[in-house]
Amino acid sequence: MKKLIALILFPFLIIPFAAKANDNFSVEIEALTLVMEQYKEDTESSIELDIEDKTPSYMALKQDECNATVEVTEKTGLEVVNTESFDVNVCLKEIYKVIN
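Residues numbered from 1 in each chain as written. Predicted model: local features only at pLDDT ≥ 70, side-chain atom pairs only at ≥ 80, totals over all residues. Heavy atoms only, no water.

## As for the overall build of the chain
Cut-off, in case you're wondering: The helix count covers DSSP runs of H or I at least four residues long, the strand count covers runs of E at least two residues long, and both are numbered beginning at the N terminus. Relative accessibility thresholds used throughout: buried, under 20% of the residue-type maximum; exposed, over 50%; partly exposed, between the two (1.4 Å probe, protein chains only). The contact definition used throughout considers only heavy atoms, calling two residues in contact when any of these lie within 4.5 Å. Working definition of accessibility: Shrake-Rupley area with a 1.4 Å probe, residue cover restricted to the visible protein chains.
Helix and strand content of the chain: two helices and four strands. When the helices and strands of the chain are read in sequence order from the N terminus, they spell out α-α-β-β-β-β. Expressed as a percentage of the 100 residues in the chain, the buried residues total 19%. A fraction of 35% describes how many contacts in the chain between residues 6 or more apart in sequence connect residues 24 or more apart. For the chain, the exposed area adds up to about 8,100 Å²; of that, 61% sits on carbon and sulfur atoms.

Here is the structure:
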């Protein structure tokens, strides 16, 4: 019984409890956070009477140490309703919408 308890608890002693984000992804994470905040404000301010619930999904691609491109795709189930792209400057905290 003691061996079983030791086997269950042993991995928790090795895994660090305070996990930090990898510095390689800090630009993408900051860009996603900025766009999510802006996108949430925009969708709350526009009143639409849609029966179907749109769920956004986000993808960020790092360009350099300050810039990233974020793509927001709205879906209703399996159907893609809307896709928007944003260029984000994390250093200046600026978001520019890319017009296709």
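## Some thoughts on the state of the cysteines
Note the cut-off: Cysteine sulfur pairs qualify as disulfides if the two atoms are within 2.5 Å.
Under the counting rule described, the total for this entry stands at one disulfide. Two residues, Cys-66 and Cys-91, share a disulfide whose sulfurs are 1.8 Å apart. Every disulfide takes its handedness from the sign of the S-S torsion; for Cys-66 and Cys-91 that torsion is -75°, giving left-handed. Pair noted here: Cys-66 is in the loop between strand S1 (55-62) and strand S2 (67-76) and Cys-91 is in the loop between strand S3 (79-89) and strand S4 (94-98), with a separation of 25 residues, a long-range link. Judged by its relative accessible area of 48%, Cys-91 falls in the partly exposed class.

## Section: the pairing of S4
Going by this rule: If DSSP finds at least two bridges between two strands, the strands pair.
Across five bridges, the pairing between S3 and S4 is antiparallel. In the strand pairing of S4, Asp-87 is matched with Tyr-96.

## Brief notes about the sheet that holds S4
So the rule is basically this: Axis definition: a line fitted to C-alpha atoms, over the contacting stretch in the case of helices. Angles run 0 to 180 degrees between N-to-C directions.
Ordered by their spatial adjacency, four strands build an open sheet running S1-S2-S3-S4, and the pairing between neighbours is antiparallel. This sheet does not close on itself; its edge strands, each paired only once, are S1 and S4. The mean inter-strand angle of the sheet, taken between neighbouring strand axes irrespective of direction, is 25°.

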